[in-house]
Amino acid sequence: MPKRHYITTAIDYPNAPPHMGHVLEKVLADVVARWWRLSGREVRFQVGTDEHGLKIQQTAKREGIEPSTLVERNVPLFKDVYDRLDISYDVFIRTTDRKRHWPTVVALWKALRASGALEKRTYKGLYCVGCEKFVTKKDLVDGKCPDHGAAPQEVSEENWFFLLAREQDWLRDLLTREDGYRIEPAFRANETLALLDQGLEDVSFSRPVSSLSWGIPVPDEEGQTMYVWCDALTNYLSGVGGFVDSALQKQWWDDAEVTHVIGKDIARFHALIWPAMLKTAGLPVPPPHRLLIHGFITSDGQKMSKSLGNVVDPKEVMEQYGVDALRFFLMYEIPVGNDGDFSRKRFDEMYDAKLRNQLGNLLNRVLVMIRKEGEDLTIPGSAEDAQRAVEGWSTFATTMERFEIHHAIQQAFHLVDVLNVGFDRAKPWTMKGEEKAALLARFAESLRHVALLLLPFIPKTAQQISEQLGVPYADRMLEKTFTIRPEWKTWGGCKEWKRIGEPSILFAPVEA
Ligand SMILES: [Zn+2]
């Protein structure tokens, strides 16, 4: 298993504030990045913003401002939400960054051009002046643009095309080979393979400045702007100094395991155009190179949309319930790769049942009872306890490595369930002396393991649990360099742990 992981999310389009879909993707990538760091692997985690293109250009025009002013206003909204969410990114890349992003993009374009993979062609199509874009016959009603009531004009323009169609067989091999470019979960790969069966078309890679001006100019040519592909996809490479900083590129691209976390709607571009670009430009497609795909989020079973008035603002949820409640809900409730639903009712139920009652109350009951007996702690052990800990951690690690993130967090909460049942059954409040102390210490040790299991998912809560338990490593758990030592995963393995800490409420009640 490689020791060095480069993990990225999609870069977000900042023409409106971030929504729950953005948040799901960043939390998913963050959980994976944290798990790898906790397992002692080197990690570079990148997020960012895709700031060029016609929509930004048009939104800015409507507001009577420059596109640059619009993105300077909106990009901080994304950073703010990700910082609040404890997204542990190392790099935030922006496609308007002329020092960091543009040189790699220009170099990649030139490499594609030099290899003969770009060809200038005349593109003919129907153009709506009101929309300022090409439309297809499907977009029209009675031959007119439904938004502008006008018939589109027949326009032809010069575009650079990327010769994707000829890469079809190579791509099929890459996507089906065991050590190739892997799409996870596997069921998401079928959609992309079906596209290959239909046959690929060459892709427009540039536009005349008259149709798109807000973007990176095509090098060595007047009057053409790069279209989204070569600009946006290339962020993954510019963030690690592609073509510009050979040492950094070698460390985090050529010699790293690369994982792109993206939504299902852009899987095809990442699985087809991006590897073909890399190959054509003579760059390695590092094996294994993986795409981790997530689904969409609905609101009470319906698509979130402004017109339906059912858009859930992630900031509001965090303010009301706390950051970790949101992180917990997204990871526990939505199986990786599937669409999921966000409902306030369900959120409330889960918050009360799982976080407040099962986790929070159990910790509190255990700690309050131990303190009544005195603060000292001796963890009793048995071969059975030792075996259970080994098996539990092994299952957890396998599940995390397979990106079955929802199963991993459910496993941790299943342990909490089992402990709750065990606590009520054992009735420690009816016991005395050594028997009572031993039983309570056993619960405390189980909760120490629970906190470590939950650390990638709800880091601050996991740290607070450990602090209340009085575990000696608790104050270091939120550091990026913190790793879970092998002995801490064993029963009674934290030898320096002698006394418990101060109990307090983990999750406060929330008025709906
Ligand atoms: Zn129109």
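Residues numbered from 1 in each chain as written. Predicted model: local features only at pLDDT ≥ 70, side-chain atom pairs only at ≥ 80, totals over all residues.

Enquirer: Would you mind going over the overall build of the protein in detail, with residue names and values included?
Expert: Regarding its fold elements, the protein presents 17 helices and 15 strands. Since a compact globule built from 512 residues should have a radius of gyration of about 24 Å, the 26 Å found for the protein is in line with a globular shape. When its C-alpha atoms are laid out on the principal axes, the protein stretches across 90 × 45 × 40 Å. Across the 512 residues of the protein, 41% fall into the buried class. (Helix = DSSP H or I, 4+ residues; strand = E, 2+ residues; numbered from the N terminus. Rg over C-alpha atoms; globule rule 2.2 N^0.38 Å. Buried ≥ 20, exposed ≤ 12 C-beta atoms within 10 Å, placed from the backbone.)

Enquirer: Let's hear about the packing of helix α6 (residues 189-198) against helix α10 (residues 267-280): which residues, and what values?
Expert: Relative orientation and spacing of two packed helices are given, respectively, by the angle between their axes and the distance between those axes. As a packed pair, α6 and α10 sit with axes 9 Å apart at the nearest point and diverge in direction by 55°. Relative to α10, the element α6 is oriented oblique. Here α6 and α10 pass one another in a crossing that is right-handed. Along the contact surface, α6 presents Glu-191, Thr-192 and Leu-195, while α10 presents Ala-267, Arg-268, Ala-271 and Leu-272. (Axes fitted to C-alpha atoms, helices over the stretch in contact; angles between N-to-C directions. Parallel < 35°, antiparallel > 145°, perpendicular 65-115°, else oblique. Left-handed = near helix turned anticlockwise from the far one by under 90°. Contact = placed C-beta atoms within 7 Å.)

Enquirer: Mind laying out the sheet that holds strand β8 (residues 203-204), listing which residues take part and the relevant values?
Expert: Strand order in the open sheet made by the four strands is β5-β4-β6-β8, with antiparallel pairing throughout. The open sheet has two edge strands with one neighbour each: β5 (133-135) and β8. Relative to strand β6 (residues 153-162), strand β4 (residues 118-128) runs antiparallel, the two being bridged by ten bridges. Among the inter-strand pairings, Glu-119 is bridged to a residue of β6, identified as Phe-161. (Pairing = 2+ DSSP bridges.)

Enquirer: Explain the packing of helix α5 (residues 168-176) against α6 to me, and be specific about the residues and the numbers.
Expert: Where α5 contacts α6, the two axes come as close as 10 Å, and the packing angle between them is 160°. Taken together, the axes of α5 and α6 lie roughly antiparallel to each other. For α5 against α6, the interelement crossing comes out left-handed. Residue-level contacts link Gln-168, Leu-171, Arg-172 and Leu-175 of α5 to Ala-189, Thr-192, Leu-193 and Leu-196 of α6.

Enquirer: Tell me about the environment of Ala-508, residues and numbers included.
Expert: Mapped onto the secondary structure, Ala-508 falls in the segment after α17 (459-469). Under the C-beta neighbour-count criterion, Ala-508 is labelled exposed, with 9 such atoms within 10 Å.

Enquirer: So what's going on with the environment of Gly-215? Residues and values would help.
Expert: On the secondary structure map, Gly-215 appears in the loop between β9 (206-208) and β10 (224-226). In this structure the C-alpha to C-alpha distance between Gly-215 and His-52, which are 163 residues apart in sequence, comes to 5.1 Å. Residues contacting Gly-215, with those up to four places away along its chain left out, are His-52, Gly-53, Thr-225, Met-226 and Asp-231.

Enquirer: Give a detailed account of the domain arrangement of the protein, specifying residues and quantitative values.
Expert: In terms of domains, the protein is made up of domain 1 (4-117 + 163-295) and domain 2 (343-489). For domain 1 and domain 2, the distance between their C-alpha centroids amounts to 38 Å. Between domain 1 and domain 2, the contact holds 13 residues from the first and twelve residues from the second. Broken down by element, the side of domain 1 that touches domain 2 gets its largest block of residues, seven residues, from helix α1 (residues 20-38). Looking at the side of domain 1 that touches domain 2 residue by residue, the classes come out as six nonpolar, three polar and four charged. (Domains from an automatic or database assignment. Nonpolar A, V, L, I, M, F, W, Y, C, P; charged D, E, K, R; others polar.)

Enquirer: Explain the sheet that holds strand β1 (residues 4-9) to me, and be specific about the residues and the numbers.
Expert: Strand order in the open sheet formed by six strands is β3-β2-β1-β11-β12-β7, with parallel pairing between adjacent strands. With one partner strand each, in any of the chains shown, β3 (91-94) and β7 (181-184) form the two edges of the open sheet. Strand-to-strand twist of the sheet, defined as the mean angle between neighbouring strand axes without regard to direction, takes the value 20°. For strand β2 (residues 42-49) and β3, the ladder comprises four bridges, and the chain directions are parallel. By the bridge assignment, Thr-49 is partnered in β3 with Arg-94.

Enquirer: Let's hear about unusual backbone geometry: which residues, and what values?
Expert: A cis amide bond links Glu-184 to the next residue, Pro-185, at an omega of -10°. Structurally, Pro-185 is set in the loop between β7 and α6. Phi is positive for Phe-403, which is not a glycine, with a value near 65°. Within the secondary structure layout, Phe-403 lies in the loop between α14 (383-401) and α15 (405-426).

Enquirer: Tell me about α10, residues and numbers included.
Expert: Its 14 residues give α10 an end-to-end C-alpha distance of 20 Å, which sits within 8% of 20 Å, the value for a rise of 1.5 Å per residue. Most of α10 sits out of view: eleven of its 14 residues are buried. Buried within α10 we find Ala-267, His-270, Ala-271, Leu-272, Ile-273, Trp-274, Pro-275, Ala-276, Met-277, Leu-278 and Thr-280. With its phi angle positive at about 80°, Gly-282 sits one or two positions after the end of α10. (Expected span 1.5 Å × (residues − 1).)

Enquirer: Explain the environment of Trp-253 residue by residue, including any values.
Expert: Position of Trp-253 among the secondary structure elements: in helix α9 (residues 246-254). Judged by local crowding, Trp-253 falls into the buried class, with 23 C-beta atoms found within 10 Å. The sequence separation of Trp-253 and Asp-313 amounts to 60 residues, and the corresponding C-alpha distance is 35 Å.

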